[in-house]
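Coordinate analysis (summary)
Listed below are the residues making up each chain.
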Amino acid sequence: MSGPQSFSVGNEWADAISPLPEDSAQNLHFSDSDDDADGIEEEDAHTGDYSHYSQQMEELLGDEEHESAENSKTPILAGGLESDDEEEEEEEDFVYSGVDAADVSVVPYRDQLRDVLEQDHEEESVEDVHEVEKSLLMEESGTVSVLLDDEPLEHHELQEEVLSEFSPPQSSASPMTPPSRLDSPAALLASPRLARPFLHPNVSRLRSSTPQMSPKSLPMDSPITSHSHLFEGLNDGRICVYDFKQTLKAVCGTEGKAAILGPVTALALSHDHTCVAAGHSTGHIQLFDLKKPQTPIRSVPPTTLGVVATGRKEGHIQGSRIINIGFIAGRHTALVSADEHGLAFYHSLGKMLFVEASDILRILGQYPDPSAGMVTSPNSASSAAPQKRKPRYAILSMAPLPLGPTPHPTDAYDVTALLTPTKLVVVGLRPTPKTWFKCPREANEGQLLTSQMKGTLAWFPSVARSSADAPDPVQNGTPRHSENDIEARDPILAFTWGNSLRLIKVSEVRFRQRARSTKTGRTAEVDIGTISFEEMGKWNAEDTVLGLQWLNAKQLIVIMKSIMGVYDIHSSNLVEKASFDGLSLMSPTLNMTSNGSVKYADSVADVAHSFRTYKGKIFLLGRERLSVGSLLTWADRILALVETGDFLEAIELCRIYYTDQAPGNRNGLPDDPFRRKEIISDKLRSLMDASVRYAFAEERLTDQTHVTPDHRGVDRTALFEGLVATCCRSCIALADFDFLFEDLFQCYDDNGIAPIYLRQLEPFILDNTIHYVPPRITQRLVALHEADGQPEYVERIIWHMDPSCLDLNQTIRLCQKFHLYDALIYIYTRALQDYVAPVVELLGLIRQIQQYRHSIATTPYTAPAFNGDIPVESLLLNAYKIYPYLSNVLSGLSYPSEEPLPEDEAFQAKKTLYTFLFFGRSSVWPPGNGGKLVLTADEEGGVEPTYPYARQLLRFDAEAFLHSLDIAFEDAYLNDESQSVNRLIIVRILLEILASGQLPQEDVTLVNIFIARNVPKYPQFLQIAPTVLHNILTGLAEDSDPQTREDRQLAAEYLLSVYNPHDISTIISLFEEAGFYRILRSWYKQDHRWALLFCTYINDQQLLPNFLFESIHEVLRTTNRHHKGTLPRDVSETLESSLPQLLNISIQNTAILLDFHAPALHEVALSVIPHEFEQRDHALYTYLLQLFAPPPSEEDETVLPRRKRSSDSLPSAMRDEFIDLQSRLHPENLVEVLKEMDRDSLQWQQVIDICERNEAWDVVVWALDWQHEPQAALKKAEGYYQQLTRRIIASLSNHSDTTHEIHILRSLGLIGRDICLQRSQGPQSSEIPLEDLWFSLLSSQVHSVQTVSAVDDKNHFDDILASLRSSVKTTFTALVSITSTQAVSFPRLFKRLVNSTPTTTGTQYTEFRLILAGMLESYHSDADIERTGVGTGHGKMYHLQETYCRDWAGTSRSISIGPLYATDTSATNYCFADRGNFP
């Protein structure tokens, strides 16, 4: 919700006010009336466009406007100043007028809207102001304090409402603004154009002026204010007193003497506002009586360290700047003060024999060490001050507890709070000085270093407790005794360290204690009091808090570097926040930055003294001006929107205040929610009324709001639409619709724009926020949609509207015309309380459909067209609405909203519906002379059957009707058997309809299911004969429809829970034919008929495969357990006969099942597979794989557990068959399979023969080596190489595919390489001629390459030759990796290969040249690796892992390089371990 900002800062005094003489003060022209503003240029940013709106608002006011203005004036409070009658007449309430004051007369928003928005309790009456002026407000220098009258304070005159904004007595001093800060962002706040929209309606801005003044007269300290005067301490040591018209009233002190004392750095007002105390930069303190301001009545000069050392006197050291000063309680001559060096004193300024006799008591701090020396104070050339002390000795802020308007027990203790960078100290000066409380700062609290710590504090004194406040809890078990104490709110201390804010409540606890009298020596109980401190909360701000002031009893104003916010102590959060340049305020130490004694960054943030609050007003002392602002209340925000002409937003904002959803503060509103709503509701109604009058005013049609600059008309549709929607939301919140439906609608209707009103009203009806609309408006809304051809919108409106709002004749006619049956049902049931009429309407639709179906059935070849005004599909959808309608109403719910009906209405609706539906013959509806006979026959004039309406609903859709009855049966209405219709009667009627034989079989089955399921649910109400139940049971089993089998079986299970059939064998036969296997399984399992139980699982086609095998496994386990571990013959035969079906479901699970329970049936299963599967070999392999080489558990998809047995327990023929299938189908895995099998149980010669027959030659070579015959294996491989080489040559000549041969050659090469590597690296290498093994393998490969390369046909030659050469390179790579073995000499081996190659091929040297080039490349890569080791190791041993080198094909391979010793490259050894197979 957008709206005006919450702060208004609009009252400014340019620069500062100088102590000018009376005659020179005439340069500052101020006026308290608008008449004195003549001749000053006025601007009005909001007149013209909304002047007619303002004139319309003026009608709301009347004579009360002037009376309220008179009551807001306050009497003059002279306070010792000039008090002649003329001044008394001019002194008024806190109302300023200046350059911008003329705006109020041009656009008199406050005058014209006071009765609408301004609250009575906000008007400051004479009595309220008088009481506030009597409250004790103690303000120091650098603050905006309060100077009130000097009348004695009478507590009993103070009212409970006086919760004035009290400010702690703080002070500040500030020099002239340096040039670098003149363009501070705070200057934006001074702009009249920016400040005006946020201006408080009760505060007009001061006229700005820049007076001429000498440098000596510049203000050094922030002003302190009273209700009628403002005090300002100046740089020349004097104090000037102004009124709020900026008229100089008095000057405290003389110019000559004041110059000796130095600039004023601290100010404070006495409790009765008759005295003012000033602290100076030199350490002097002066006290002035405002009746005789020229001469101080008391003076406290500073002392020196030497005098202090003698013990004769205490006080501030000469040259120490006073930073805080304040009056103690209601005394004039009791002060507390603090200086910049961390010293705080209590001063009792008395006189003895007309001579000042001051008593000074140090309450905090230590004197500086005299040996530290003195420095010259920057404030005076002749004064000396001690050196600046460590930050931990500084006093950040000090304030005595001010007296509040209500007495409090703590007033008797003269409490003073002092804040240092490390702790908070609270001391009491009476009856004896005592420290009552210490609060240390937590570690890292404030997020600042101790040397940079900023802190401030503020008291809120005791005030009268409002009725909404609860009394304080009893402390220490002792209630307070004084009646005044109970009525007073405890004082609260707020203080900050950095960004941390804390709240502490101060109260008194009294207890009785026995004490001995010093005079009489007797002991007696005395009443003793002590001060209690209770922490109320803690909050961390976004940034360092620079200033802190109480705005009221519940809120604090906090100022940070870029934010001004309002902190609510109850919600512990900021409720308002606005951008504000806190560093633009005046700092008392800015002049010390020139000599380097204070850092500029620290000084510019010392602005706590330049910020004060009073009576809701915020005073900010800037470097060039004094600004006065206020926190906008709820009425201010609304007025700001009205001022800009946005009255819709104003109404919306007022509404969210009413619903307590508005953001920000609630100032100006009562705490009591009922009283708050009462106030806002009156204003909201008045605001809506005024806005409507303005929107439809005749004079507005001629103003400038509807014309553009080019004189074209403006479309105001959005305005009128928004007005309706806004007023709707407001009236909903108020729960009062008289204005919405009477005044507002009449305005729209009179101006011919009623459709706008109706269309904006409709969404609120549809979302159920508005239930009741007057019939005259409803008629117009329905007629609007009828004219637009949108009947569906009419239906939506009817659903969401109170039936009493409808014109029944109009709506029924429309519903019947446009077939809006949902709406028609709603009207019949909710408006006419007729629950049978909708059934009659819908039965008529069903009859039309049934007649159409009958005509199609009788004349199938010439299907007649449907005789109706809507398509038959739409008619069918509407007819089906009868079933959910029956479900809802017979369950006590309304249709279609399904909301519960009133109990009496629901009972009557059920009774009439049951009576009508299950009546034995046709009925007349409505009863009486005007009723018509409700017929159901398919032919006109046809015979009506018995129970026509129940029969008709069954014929139309038996499943939907029975579902409705299922829901209705659950209602308690049918429990009463005395009713004309109950559950038993309904069931008997259904059975009678079944007996007529007119229903199709599917409907008969549905009725049987319905009865079978409800008999066990309501056994006490449905007492049916066993023969009837038997017929129902057999009827469920005899139906052959597979789609309803599961429903029929479930219904039979329900029925069997209450009925035991006598002919069980017949029932079993019926159930087997019907497929009720779930029922049969329970019976067979109970009777231990295992074979039949097994068959129920096999025959049940609805079971999932995994569940089927798990169930069969469980059946067989149970059977074994009952028969001592053996399967009965009938079960075994059943299992054998079921093998074809089981194998077709899952070969793997069948193999595991047989292996677990019946291993003897393996051969039977293997004999069955060829007859059941087209891919015989694949099925056999799948079966045998589960027996001999089952997959790992993570890859196993079977669900049955495996029996732990060795493969040798199976027949060898099955094993040989498995090896044969493996070698033919998946030869690549045969080696791994053979490794997993029992080595000793294998017949290796048989395995070798099978593999040779299936050309698994690599397995043959592996098998020979596995039998420890590596030479025979490689010899076998040599023969295979020759045979494959011949086949390749033949394939090339025949242009056939050679992929199979190349694959076998590659497999042989890899197997041979592995054999050679294993023998070369194994312990038996010395027993086997390794060189012969390598020679045999390499010679076979090289001979194959040379033979193929000599072929003339070059078709696919390159690919084949590359594959063969790749195998040779792979072998040579492996050979290089073991050349460190002494048994293998690479040169000798290479020479044997060259010599063994026949020279007739012509390719002898070509192939070996390629081999030698590859060898050299390999050695070149080795040398690179060696040099790398030498360069990085510097002669040391390194182990390099996972390094890359290049093979002959140029492919990067991952290898592991062994130890390198780089000192002798010729002796370097390499150990290569190949990490993969080369292509």
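Report on the accompanying structure. All values reported here derive from a predicted model rather than from experimental measurement.

Helix and strand content of the chain: 50 helices and 34 strands. Across the 1479 residues that make up the chain, the buried fraction comes to 54%. The long-range share in the chain, meaning contacts at least 24 apart out of those at least 6 apart in sequence, stands at 65%. Surface summary for the chain: the accessible area is close to 66100 Å², and the carbon and sulfur share equals 50%.

Read across the open sheet, the four strands follow the order β24-β25-β26-β27; overall the sheet is antiparallel. Here the strands that pair on one side only, and so sit at the sheet edges, are β24 (547-552) and β27 (573-579). Going from strand to strand, the sheet's axes swing by 20 degrees on average, the running direction of each strand aside. With five bridges joining them, strand β25 (residues 555-559) and strand β26 (residues 563-568) adopt antiparallel strand pairing.

A separate point is unusual backbone geometry. Cis geometry marks the peptide bond from tyrosine 895 to proline 896; its omega dihedral reads 0 degrees. Note that proline 896 resides in the loop between α24 (882-889) and α25 (903-917). Cis peptide bonds are those with omega within 30 degrees of zero, and the linkage from tryptophan 925 to proline 926 qualifies with -5 degrees. Checked against the element boundaries, proline 926 lands in the loop between β31 (924-925) and β32 (932-933). One non-glycine residue, aspartate 414, lies in the positive phi region at around 50 degrees. Of note, aspartate 414 is situated in the loop between β16 (397-400) and β17 (415-419). Although it is not a glycine, tyrosine 947 adopts a positive phi angle of roughly 45 degrees. In this fold, tyrosine 947 is placed in the loop between β32 and α26 (948-956).

Within the element layout of this structure, threonine 420 appears in the loop between β17 and β18 (423-428). For the pair threonine 420 and methionine 453, spaced 33 residues apart in sequence, the C-alpha separation works out to 8.9 Å. Non-local contacts of threonine 420, meaning those with residues more than four positions away in its chain, are made with Leu364, Ala394, Leu396 and Trp497.

For the rest of this paragraph, the subject is helix α20 (residues 808-818). Of the positions making up α20, those classed as buried are Gln810, Thr811, Ile812, Leu814 and Cys815. Of the surrounding elements, those touching the buried residues of α20 are α18 (775-787), α19 (791-799) and α21 (821-831). Looking one or two residues beyond α20, the residue adopting positive phi is histidine 819, at roughly 60 degrees.

Time to look at the pattern of salt bridges. Pairing of side chains with opposite charge becomes possible as their charged atoms draw close. Under the criterion given, the structure shown has 48 salt bridges. Taking the shortest distance from any N to any O, the salt bridge between glutamate 340 and arginine 321 comes out at 3.7 Å. With a gap of 19 residues between them, glutamate 340 in the loop between β11 (334-339) and β12 (344-352) and arginine 321 in the loop between α9 (305-310) and β10 (322-327) connect regions that are remote in the sequence. The exposure class of glutamate 340 is buried, given its relative accessible area of 19%.

To continue, consider the packing of α21 against helix α22 (residues 837-858). Taken N-terminus to C-terminus, the directions of α21 and α22 make an angle of 150 degrees; their axes are 9 Å apart at the nearest point. Considered as vectors, α21 and α22 are oriented roughly antiparallel to each other. Each of Tyr821, Leu824, Ile825, Tyr828 and Thr829 in α21 lies in contact with α22, whose residues at this interface are Ala837, Pro838, Glu841, Leu842 and Leu845. Per-class residue counts for the contact of α21 with α22 are eight nonpolar, one polar and one charged.

Think of two packed helices as two axes; the pair is described by the angle between the axes and how far apart they sit. In contact at an axis separation of 10 Å, helix α47 (residues 1330-1349) and helix α49 (residues 1386-1396) are set at 40 degrees when each is read in the N-to-C sense. Our classification of the angle between α47 and α49 gives oblique. Along this stretch, α47 crosses α49, giving a crossing that reads as right-handed. Seen from α47, the contacting residues are Glu1331, Asp1332, Trp1334, Phe1335, Leu1338 and Ser1339; seen from α49, they are Arg1388, Leu1389, Arg1392, Leu1393 and Ser1396.

Below, the discussion takes up the sheet that holds strand β20 (residues 455-460). Here four strands make up an open sheet; going across it, the order is β20-β21-β22-β23 and the pairing antiparallel. This sheet does not close on itself; its edge strands, each paired only once, are β20 and β23 (523-540). The mean inter-strand angle of the sheet, taken between neighbouring strand axes irrespective of direction, is 20 degrees. Two elements, strand β22 (residues 500-516) and β23, share 17 bridges in a ladder whose sense is antiparallel. Its bridge partner lying in β23, arginine 516 is registered against threonine 523.

With that settled, consider the packing of aromatic side chains. Evaluated as defined, the whole model comprises 32 aromatic pairs. On the basis of an interplanar angle of 85 degrees and a centroid distance of 6.2 Å, the ring pair of phenylalanine 720 and tyrosine 748 is categorised as edge-to-face. Here phenylalanine 720 is found in helix α15 (residues 717-734), whereas its partner tyrosine 748 is found in helix α16 (residues 738-750), with 28 residues between them in sequence. Considered together, phenylalanine 720 and tyrosine 748 belong to a single accessibility category, that of buried residues. Ring geometry for tyrosine 883 against phenylalanine 956: centres 6.4 Å apart, planes inclined by 15 degrees, an arrangement best described as stacked. In this pair, tyrosine 883 is assigned in helix α24 and phenylalanine 956 in helix α26, connecting sequence segments 73 residues apart. Residue class for tyrosine 883 comes out buried when judged on its relative accessible area of 3%. A connected cluster of aromatic rings, assembled from ring pairs, spans Phe696, Phe720, Phe745, Tyr748 and Tyr757. The ring of tyrosine 793 carries arginine 796 above its face, with NZ or CZ at 4.6 Å from the centroid.

To continue, consider the nonpolar core. Core analysis: the largest hydrophobic core is formed by 256 residues, its most contacted members being Tyr757, Phe1071 and Tyr1183. Beyond its immediate chain neighbours, meaning those up to four positions away, phenylalanine 1071 contacts Leu1033, Ala1037, Ala1052, Leu1056, Phe1076, Ile1079, Leu1080 and Trp1083. Residues Ala417, Leu457, Ile504 and Val506 belong to the second largest nonpolar core, which totals 21 residues.

The side chains of a regular strand alternate, residue by residue, between the two faces of the sheet. Within strand β6 (residues 264-269), six of the six residues are buried, which leaves it mostly tucked inside the rest of the structure. Looking at chain direction, β6 and strand β7 (residues 275-280) are connected through five bridges and run antiparallel. If you follow valine 264 over to β7, its bridge partner there is histidine 280. Hairpin connection between β6 and β7: a loop of five residues separates the two successive antiparallel strands, and histidine 273 in this loop has a positive phi of roughly 65 degrees.

Structurally, serine 1344 is set in helix α47. Judged by relative accessible area, serine 1344 falls into the buried class, the value being 0%. For the pair serine 1344 and leucine 1305, spaced 39 residues apart in sequence, the C-alpha to C-alpha distance is 9.6 Å. Not counting the four nearest positions on each side in its chain, serine 1344 is found in contact with Tyr1281, Thr1285, Leu1305 and Leu1364.

Calculation notes
Residues numbered from 1 in each chain as written. Predicted model: local features only at pLDDT ≥ 70, side-chain atom pairs only at ≥ 80, totals over all residues. Heavy atoms only, no water. Helix = DSSP H or I, 4+ residues; strand = E, 2+ residues; numbered from the N terminus. Buried < 20%, exposed > 50% of the residue type's maximum accessible area, 1.4 Å probe, protein only. Contact = heavy atoms within 4.5 Å. Areas by Shrake-Rupley, 256 points an atom, 1.4 Å probe, with all protein chains shown as cover. Pairing = 2+ DSSP bridges. Axes fitted to C-alpha atoms, helices over the stretch in contact; angles between N-to-C directions. Salt bridge = Lys/Arg side-chain N within 4 Å of Asp/Glu carboxyl O. Parallel < 35°, antiparallel > 145°, perpendicular 65-115°, else oblique. Nonpolar A, V, L, I, M, F, W, Y, C, P; charged D, E, K, R; others polar. Left-handed = near helix turned anticlockwise from the far one by under 90°. Phe/Tyr/Trp six-rings, centres within 6.5 Å; stacked < 30°, edge-to-face > 60°. Lys NZ or Arg CZ within 6 Å of the ring centre and 35° of its normal. Core = buried A, V, L, I, M, F, W, Y, C linked by side-chain atoms within 4.5 Å.

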